[in-house]
Amino acid sequence: MCGIVGAIADRDVVPLLIDGLKRLEYRGYDSAGLAVVDGEVRRVRRTGRVAEMEAAAQAEGFRAALGIGHTRWATHGGVTESNAHPHISHGEIALVHNGIIENHEQQRERLRALGYAFESQTDTEVIAHLIHHYRSQGDDLLAALQRAVRELDGAYALAVVDKREPGRLVAARMGCPLLVGLGEGENFVASDVSAIVSVTRRVIYLEEGDTAEVTRQGVRIFDAEGRPAQREVHVSDVSLASLELGPYRHFMQKEIHEQPRAIADTIEAVVDAGGFSPALFGADAQALLRDVDRVQILACGTSHYAGLVARYWIEAIAGIPCAVDIASEYRYRKVVADPRQLVVTISQSGETLDTMEALKYAKSLGHAKTLAICNVPESAIPRASALVFYTRAGAEIGVASTKAFTTQLVALFALAGTLARLRGALTEAQQAEYLEALRHLPGSVQHALNLEPQIVAWAERFATKEHALFLGRGVHYPIALEGALKLKEISYIHAEAYPAGELKHGPLALVDSEMPVVVIAPNDSLLEKVKSNIQEVRARGGEMFVFADADSHFGESEGVHVIRTPRHVGVLSPVVHAIPVQLLAYHAALARGTDVDKPRNLAKSVTVE
Ligand code: F6R
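The shown structure was predicted, so the numbers you read here are calculated from the model rather than taken from an experiment.

**Student:** Sorry if this is basic, but what is going on with the layout of surface pockets here?
**Tutor:** Over the atoms a probe the size of a water molecule is rolled, and this reveals where empty space is left. If you add up the space inside the largest pocket, you get close to 880 Å³. Around the largest pocket sit 44 residues that line it, and V238, N375, V376, P377 and A395 are the ones nearest its centre. Counting residues per element, the ones that place at least two in the lining of the largest pocket are β14 (234-235), α6 (240-243) and α8 (259-272). Here the lining of the largest pocket spans two domains, since at least three of its residues come from each of domain 1 (3-243) and domain 2 (251-439).

**Student:** Honestly, the pairing of strand β4 (residues 66-72) in this entry has me stumped. Any pointers?
**Tutor:** In the case of a regular strand, side chains alternate between the two sheet surfaces. A large share of β4 lies buried, amounting to seven of its seven residues. Going residue by residue along β4, you find L66, I68, H70 and R72 tucked away on one face and G67, G69 and T71 tucked away on the opposite face as well. As paired strands, strand β1 (residues 3-8) and β4 are joined by six bridges and run antiparallel to one another. Bridge pairing in β4 links G6 to I68.

**Student:** Sorry if this is basic, but what is going on with helix α16 (residues 452-462) here?
**Tutor:** The periodicity of an α-helix, 3.6 residues per turn, causes residues three or four positions apart to be oriented the same way. Where α16 is concerned, the buried positions are E452, I455, W458, A459 and F462. Along the axis of α16, the buried residues cluster in a sector spanning 115 degrees; they form a single face. Those residues of α16 that are exposed and aimed more than 90 degrees away from the buried face are P453 and E460.

**Student:** Sorry if this is basic, but what is going on with the sheet that holds β14 here?
**Tutor:** Backbone-to-backbone hydrogen bonds join strands into a sheet, with any given pair of strands oriented parallel or antiparallel. Across the sheet, eight strands lie side by side as β3-β2-β4-β1-β10-β9-β11-β14; this open sheet has antiparallel pairing. In this open sheet, the two strands that pair with only one neighbour each are β3 (40-47) and β14. Of the strands in this sheet, β1, β2 (31-38), β4 and β10 (187-190) touch helix α1 (residues 14-23), which is tilted by about 20 degrees from β4. Sheet contacts for helix α2 (residues 50-59): β2, β3 and β4; angle to β3, the most-contacted strand, approximately 140 degrees.

**Student:** I tried to follow the packing of helix α4 (residues 125-136) against helix α5 (residues 141-150) on my own but got confused; where do I start?
**Tutor:** When two helices pack together, their arrangement is given by the angle between their axes and by how far apart the axes lie. Contact geometry for α4 and α5: axes closest at 8 Å, N-to-C directions at 125 degrees. The angle between α4 and α5 falls in the class oblique. Remark: the crossing between α4 and α5 carries right-handed chirality. Along its contact with α4, which presents L130, I131, Y134 and R135, the element α5 presents L141, A144, L145, R147 and A148. A per-class count over the contact of α4 with α5 returns seven nonpolar, no polar and two charged.

**Student:** Quick question: what am I supposed to make of empty space enclosed by the protein here?
**Tutor:** Tallied over the full model, the rule gives three cavities of 30 Å³ or more. Space inside the largest cavity adds up to approximately 120 Å³. In this structure, the largest cavity is lined by 16 residues; those nearest its centre are C2, W73, T75, H97 and G99. In terms of residue class, the lining of the largest cavity is built from five nonpolar, nine polar and two charged.

**Student:** Explain the site of the ligand to me, please; I cannot follow it from the model alone.
**Tutor:** S303, S347, S349, T352 and E489 are the nearest of the 14 residues found near the ligand. Contact between the ligand and S349: an oxygen atom at 2.7 Å from a side-chain N or O atom of the residue. Take T352: an N or O atom from its side chain is 2.5 Å from an oxygen atom of the ligand. Protein chains shield 90% of the accessible area of the ligand, which is 410 Å² for the free molecule. Using a 2 Å cut-off from the grid points, one finds that the ligand occupies the second largest pocket. Breaking the shell around the ligand down by element, the ones donating at least two residues are α10 (301-318) and α17 (477-491).

**Student:** I'm lost on the state of the cysteines in this one. Help?
**Tutor:** As used in these notes, a disulfide is a covalent bond between sulfur atoms, one from each of two cysteines. For the structure shown, the criterion picks out zero disulfides. C2 takes part in no disulfide bond, and the closest cysteine sulfur, belonging to C176, lies 8.4 Å away. Residue class for C2 comes out buried when judged on its relative accessible area of 13%.

**Student:** How should unusual backbone geometry be read in this particular structure?
**Tutor:** Outside of glycine, negative phi angles account for most residues, and trans bonds account for most peptide bonds. Cis geometry marks the peptide bond from H85 to P86, where omega comes out at 0 degrees. Its location among the elements puts P86 in the loop between β4 and β5 (87-89). Here H90, not a glycine, exhibits a phi torsion of approximately 50 degrees, which is positive. By the secondary structure assignment, H90 is in the loop between β5 and β6 (93-98). The backbone phi angle of N601 is positive, close to 70 degrees, even though this residue is not glycine. As for its position among the elements, N601 is in the segment after α19 (573-592). Residue N601 is classed as exposed on the basis of its relative accessible area of 63%.

**Student:** Mind showing me how you'd approach the side chain of H129 here?
**Tutor:** Turning to its location among the elements, H129 is positioned in helix α4. Classification of H129 as buried rests on a relative accessible area of 3%. In terms of polar contacts, H129 uses its side chain to reach the backbone carbonyl oxygen of A117, at 3.0 Å. H129 has contacts with I88, S89, L111, Y116, A117 and F118, leaving out every residue within four places of it along the chain.

**Student:** I keep staring at the domain arrangement of the chain and nothing clicks. Help me out?
**Tutor:** By a frequent convention, interface size equals the accessible area lost on bringing the separate parts together. By domain assignment, the chain separates into domain 1 (3-243), domain 2 (251-439) and domain 3 (452-592). Its C-alpha centre places domain 2 at a distance of 27 Å from the equivalent point of domain 3. Taken together, the contact between domain 2 and domain 3 spans 24 residues of the former and 20 residues of the latter. Summed over both partners, the interface of domain 2 with domain 3 buries about 1,900 Å², with 76% contributed by carbon and sulfur atoms. For the interface between domain 2 and domain 3, the tally reads zero salt bridges. Our count for the domain 2 to domain 3 interface comes out at seven residue pairs in polar contact (both at pLDDT 80 or more). Those elements that provide at least two residues to the side of domain 2 that touches domain 3 are α7 (251-257), α8, α10, α14 (403-422) and α15 (428-449). The leading source of residues in the side of domain 2 that touches domain 3 is α10, at eight residues. For the side of domain 2 that touches domain 3, the per-class residue count stands at 16 nonpolar, eight polar and no charged.

Basis of the calculations
- Residues numbered from 1 in each chain as written.
- Predicted model: local features only at pLDDT ≥ 70, side-chain atom pairs only at ≥ 80, totals over all residues.
- Heavy atoms only, no water.
- 1 Å grid on protein atoms, 1.4 Å probe; cavity = no way out; pocket = protein on both sides within 12 Å on 5 of 7 lines; lining within 4 Å.
- Points joined across faces, edges and corners; volume = space filled by probe spheres on them.
- Helix = DSSP H or I, 4+ residues; strand = E, 2+ residues; numbered from the N terminus.
- Domains from an automatic or database assignment.
- Buried < 20%, exposed > 50% of the residue type's maximum accessible area, 1.4 Å probe, protein only.
- Pairing = 2+ DSSP bridges.
- Arc of directions from axis to C-beta.
- Contact = heavy atoms within 4.5 Å.
- Axes fitted to C-alpha atoms, helices over the stretch in contact; angles between N-to-C directions.
- Parallel < 35°, antiparallel > 145°, perpendicular 65-115°, else oblique.
- Left-handed = near helix turned anticlockwise from the far one by under 90°.
- Nonpolar A, V, L, I, M, F, W, Y, C, P; charged D, E, K, R; others polar.
- Near = heavy atom within 4 Å.
- Polar contact = N/O pair within 3.5 Å; in protein donor to acceptor, adjacent residues only side chain to side chain.
- Areas by Shrake-Rupley, 256 points an atom, 1.4 Å probe, with all protein chains shown as cover.
- Sits in = over half its atoms within 2 Å of the grid points.
- Disulfide = S-S within 2.5 Å.
- Buried area = accessible area lost by both parts, 1.4 Å probe.
- Salt bridge = Lys/Arg side-chain N within 4 Å of Asp/Glu carboxyl O.

The structure is reproduced here in structure tokens:
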């Protein structure tokens, strides 16, 4: 969603800010802006792409040693230049903000009564005026920020500059990520390490309620009570290569093709731990996982579908009941607490607000056994969890999740195996068999990627359709859900997924020759049932596109097209079958000419409710 970058240096920071904003583009945004302090506060804002804002900044000759930049994903107020950040108060204070201020209406009324005029419809502008108000009462910039944030309800990451204090920028964090980057004689703030990785890898993650003063020489951090605080310096290992497109046309295409490596890297953690071992999940895992008697999974979107696959594994392999909830539903449900339940959150970004709030709710009910499966080190959700498994997918830039999903599945499979082992439900022979399946997984995924030319041919036919149905059964039903989600979010073709057995209870009414029906049909115990469901569709004139492995013995016939997926890969089959549905969505979107990496209205990490 929104992105922040700020810098103070002895050189012109405008190119650094623009570069940082470009690196944040993947998060999804609809306007961009920057403000610099150069004797006065100068600002440029544009709706649309960072490149348009960059051209305007160049045309107006922006140069300065202190500045802040922002990419905005509209929440309060439409996509207009006047709603874009930075917001300025009285030509002195400039501010960028991620998050949502819930009491902005009350603050606006109060500030209006004090004589402040508002130029935008945003919740953010009140913060700029509030800081200005305290500044005009004699506070310096840091003190004014600290006073202002005490009066805000909601979530924020803030970076602020003041024309009267050109030697520093100040920052604050509550509920939205913000970090300080440490350079040599220059320092930075950013909402995401990728924004500043070209200038420094040494970062301090601010904690909830922290404020910070950033000068050329150093950084001072204060906790929520305003006391000086020490925070650890981390060296980020985000690779620049993962932030570059290389020979690919889109990040999504690159990330689909990175999956054999990402999966192999994630499996390496399992191999290093000597198999399915609590050590995979953290130092306290043995004690925390030993007496788990139920599992509750919480996540959103694609991560939720990973949870749905995991439910089959956890129940079948470990014999433990497992419930899976959409985080935004769970957090408002009256839940029966069970102290022996393991609460697992799954989140690529580690920032998704609904997942974070669901975790907080579970903890407030007394759930101490919490595990985060996450792809972004030091992000908020793992930091709030007792146990963590970091997937090793590398930075995922495309808005549509691909390699994060398949590596989450590997992590969840390892969790099922570990829980089974702790309960004595897994023999050495079974463990060896599952580890062998894992070892073959990157190869099978590569075989699935090799199907791309056949999938391109299908995608071209899909591109002319407005609707599609996806069917699967059992552990492959969540893959049908994932296929439908991928297709709709990047190609804008309306797609629905159903367990194939559910078809005749309603959705069959939709089937006609204009409705392509995709079926995930590997050779598993439900194959014969799926074959009958296919007949039901064929009899109504529906055109079938079937992903079936070589052992499924599916023949092509009039209106039934088949792509053969790699030979039966057993229990890990959902991971392999995720690949063709990703490719189908990607190529359908390509054929329709949509913005694959930045689909309309969507953002990479969803930090609002
Ligand atoms: C879809 C997609 C989203 C995310 C969802 C949760 O391709 O990427 O549905 O899966 O927004 O995000 P995380 O996993 O970051 O919590």
